[in-house]
Amino acid sequence: NKNVAIGGLIGIAAAAWVASGVIGGKPKLPASKEQKSASGEIQRVTVATLKAEPHMVELVVHGRTQAIRQVQIRTETNGQVAQIVADKGTLAKEGDILCQLRADAREAQLAQAKAKLDQATLEWNAAQSLGKKGYNSATQVATSKANFDAATAAARAAEIELERTKLRAPFNGIVDNRYVNVGDYMRSGDPCEMIVDLDPILIVGSVSEAEVVGLEVGNSGRAHLATGEEIDGRVRFVAKSAEASTRTFSVEIEAPNPDHAVRDGLTADVRIGTRQLLAHHISPAILTLDEAGKVGVRVVENGIVHFRAVQIVSDDPTGVWVAGLPETVTVITIGQEFVSEGQHVMAVPAGGKS
């Protein structure tokens, strides 16, 4: 068929023409730096002009809460437990009796010691009087004085032994554990109860060699606890020597806890302000990398795109704070991935007309 043959020849000719353009034709020239669109317009990008603000650089310390002090109340004598005065959970004041042992013969021993002291006091007074009148020798006076001193010491020892049956709180705190019951026999050194002091509460953590440089006693911080609570405190201790195994430095943050709401042993993250500087708050979405792998943003200066490296100093739920940019800068917020260094663009403010 003549028409079919003509159509075939036209198809072969068209294919040859296309192939000649791919194989032997001139390569397509790269687009100019102005990157004009098909309509001849310069590429447009959305920008925002940002001004640097004073920003407190924060260091995050991961740690846990810890009672500022805790101690097991141990007996200094032997005896049977007569009474548990303050049970677990009781808020005790310094000097309050927590556990009471049976006095047994101690009260009688104290009464006997006091009676001997009364007798020795009378003899000592009489010996002094007679000595002044010359009726007693110096040796008799000295003997009487020695008896008086010995009786005084024995009475005091008996008082101390009786007092040891009363196990008292050494400081204000909460009874956190009890180890004995009424009727148990305790020997000297056995624990009766544990008392903890939670006000103030400590948050104990550690920082690396790089982080410890900007950390000082007195720096303020805010702790976020695993329970969802947040408390404010101040750094009270920064170790001068590192842990040999981890090469980290211990840090203690002290926070008020008057109602004892914060417990011992909770996981906590503390943000501590270390220094203030000028920084820009941006969305992490506009961060990009240059060919060398540096983190930065693309900015527009006099209509030309430039890459500016930045240092991320901190972050929050709404964005990141970066340093290293001019105090006032115009950053590309939309379209930065489609432009390159030195390219001419038309900057359109966010919310402006395209």
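These numbers were taken from a predicted model, which means no experiment stands behind them.

Structural notes on the overall build of the protein chain
1) Next: Of regular secondary structure, the protein chain possesses three helices and 20 strands.
2) Next: Within the protein chain, the proportion of its 354 residues that are buried is 32%.
3) Next: Taking the intrachain contacts of the protein chain between residues at least 6 apart in sequence as the baseline, contacts between residues at least 24 apart amount to 73%.
4) Next: If you sum the accessible surface of the protein chain, you get close to 21,400 Å²; carbon and sulfur atoms cover 53% of it.

Comments concerning a nonpolar patch on the surface
1) Next: A cluster of nonpolar side chains, Leu289, Val295 and Ile312, forms an exposed patch at the surface whose accessible area comes to about 250 Å².
2) Next: Inspection of the secondary structure puts Val295 in strand β15 (residues 295–301).
3) Next: With relative accessibility at 33%, the residue Val295 sits in the partly exposed group.

Re the side chain of His280
1) Next: Relative to the helices and strands, His280 is located in strand β13 (residues 267–282).
2) Next: Overall, His280 belongs to the buried group, its relative accessible area being 2%.
3) Next: A distance of 3.1 Å separates a polar side-chain atom of His280 from the backbone oxygen of Glu327.
4) Next: Among residues more than four places away in sequence, those in contact with His280 are Leu50, Lys51, Ala52, Val320, Trp321, Val322, Leu325, Pro326, Glu327 and Val329.

Here we look at the environment of Gly296
1) Next: As for its placement among the helices and strands, Gly296 is situated in strand β15.
2) Next: On the basis of relative accessibility, which here comes to 0%, the residue Gly296 falls in the buried class.
3) Next: Spatially, the C-alpha atoms of Gly296 and Leu325 are 9.3 Å apart, while their sequence positions differ by 29 residues.
4) Next: Those residues in contact with Gly296 that lie beyond four places of it in its chain are Ile286, Leu287, Thr288, Phe307, Arg308, Ala309 and Val310.

Focus on the sheet that holds strand β5 (residues 97–101)
1) Next: Ordered in space as β6-β5-β3-β8, the four strands form an open sheet in which the pairing is antiparallel. Of all the strands in the sheet, just β6 (166–168) and β8 (185–186) have a single pairing partner and so form its edges.
2) Next: Judged from the three bridges that link them, strand β3 (residues 79–84) and β5 form a sheet pairing that is antiparallel. Within β5, the position partnered with Val81 by the bridge is Leu101.

Concerning the state of the cysteines
1) Next: In the structure shown here, the tally under the stated rule is one disulfide.
2) Next: Paired by a disulfide, Cys99 and Cys192 hold their sulfur atoms 1.6 Å apart. With the S-S dihedral at roughly -70°, the linkage between Cys99 and Cys192 falls on the left-handed side. Here Cys192 lies in strand β9 (residues 191–207) and Cys99 lies in strand β5, a separation of 93 residues in the sequence.
3) Next: A relative accessible area of 1% places Cys99 in the buried class.

Here's the deal with helix α2 (residues 106–133)
1) Next: Between its first and last C-alpha, α2 extends 41 Å over 28 residues, near the 40 Å set by a 1.5 Å rise per residue.
2) Next: Listing the buried residues of α2 in full gives Arg106, Leu110, Ala113, Leu117, Ala120, Trp124 and Ala127.
3) Next: Downstream of α2 by a residue or two, Gly134 has a phi angle that is positive, lying close to 90°.

Section: the pattern of salt bridges
Pairs can form between side chains of opposite charge whenever their charged atoms are close.
1) Next: Tallying each qualifying case throughout the model produces 15 salt bridges.
2) Next: Measuring nitrogen to oxygen at the nearest pair gives 2.6 Å for the salt bridge that ties Arg168 to Glu163.
3) Next: The class for Glu163 is partly exposed, based on a relative accessible area of 34%.
4) Next: The structure contains a network of salt bridges with shared partners spanning Arg106, Glu161 and Arg164.

A look at the packing of aromatic side chains
1) Next: All told, the structure shown has zero aromatic pairs when counted by the stated rule.
2) Next: Over the ring of Trp124 we find Lys145; its NZ or CZ atom is 5.8 Å from the centre of that ring.

Remarks on the environment of Ile203
1) Next: Its place among the elements puts Ile203 in strand β9.
2) Next: Residues Ile203 and Gly233, 30 residues apart in the sequence, show an inter-C-alpha distance of 9.1 Å.
3) Next: Among all residues touching Ile203, those that are not within four sequence positions of it are Arg64, Thr65, Ala223, Ile231, Val251, Glu252, Ile253, Ala268 and Val270.

Thoughts on the pairing of strand β2 (residues 53–74)
1) Next: Alignment of β2 against β13, held across twelve bridges, turns out to be antiparallel. Across the sheet, Arg64 pairs through a bridge with Thr267, a residue of β13.

Some words on helix α3 (residues 138–163)
1) Next: The end-to-end C-alpha separation of α3 is 38 Å, in line with the 38 Å expected for 26 residues at 1.5 Å each.
2) Next: Within α3, burial applies to Ser144, Ala151, Ala155, Ala158 and Leu162.

Describing the nonpolar core
For soluble globular proteins, the rule of thumb is that nonpolar side chains tend to be buried together.
1) Next: Counting 26 residues, the largest nonpolar core has Val207 and Leu215 as its most contacted members.
2) Next: Looking at this core, the elements that each hand over two or more residues are β2, β9, β10 (220–225), β11 (230–238), β12 (249–255) and β13.
3) Next: Here this core gets six residues from one element, more than from any other, and that element is β9.
4) Next: Once residues within four sequence positions are removed from consideration, Leu215 is found in contact with Leu59, Val207, Val235, Val238, Val251, Ile272 and Thr274.
5) Next: If you look at the next biggest cluster of nonpolar residues, it comprises 16 residues, including Ala86, Ala92, Leu167 and Phe171.

Each value, and the rule that gives it
- Residues numbered from 1 in each chain as written.
- Predicted model: local features only at pLDDT ≥ 70, side-chain atom pairs only at ≥ 80, totals over all residues.
- Heavy atoms only, no water.
- Helix = DSSP H or I, 4+ residues; strand = E, 2+ residues; numbered from the N terminus.
- Buried < 20%, exposed > 50% of the residue type's maximum accessible area, 1.4 Å probe, protein only.
- Contact = heavy atoms within 4.5 Å.
- Areas by Shrake-Rupley, 256 points an atom, 1.4 Å probe, with all protein chains shown as cover.
- Patch = residues over 30% accessible without salt bridge, like charges linked within 9 Å, V, L, I, M, F, W, Y side chains within 5 Å.
- Salt bridge = Lys/Arg side-chain N within 4 Å of Asp/Glu carboxyl O.
- Polar contact = N/O pair within 3.5 Å; in protein donor to acceptor, adjacent residues only side chain to side chain.
- Pairing = 2+ DSSP bridges.
- Disulfide = S-S within 2.5 Å.
- Expected span 1.5 Å × (residues − 1).
- Phe/Tyr/Trp six-rings, centres within 6.5 Å; stacked < 30°, edge-to-face > 60°.
- Lys NZ or Arg CZ within 6 Å of the ring centre and 35° of its normal.
- Core = buried A, V, L, I, M, F, W, Y, C linked by side-chain atoms within 4.5 Å.

Function-wise, these values are silent; they only describe arrangement.
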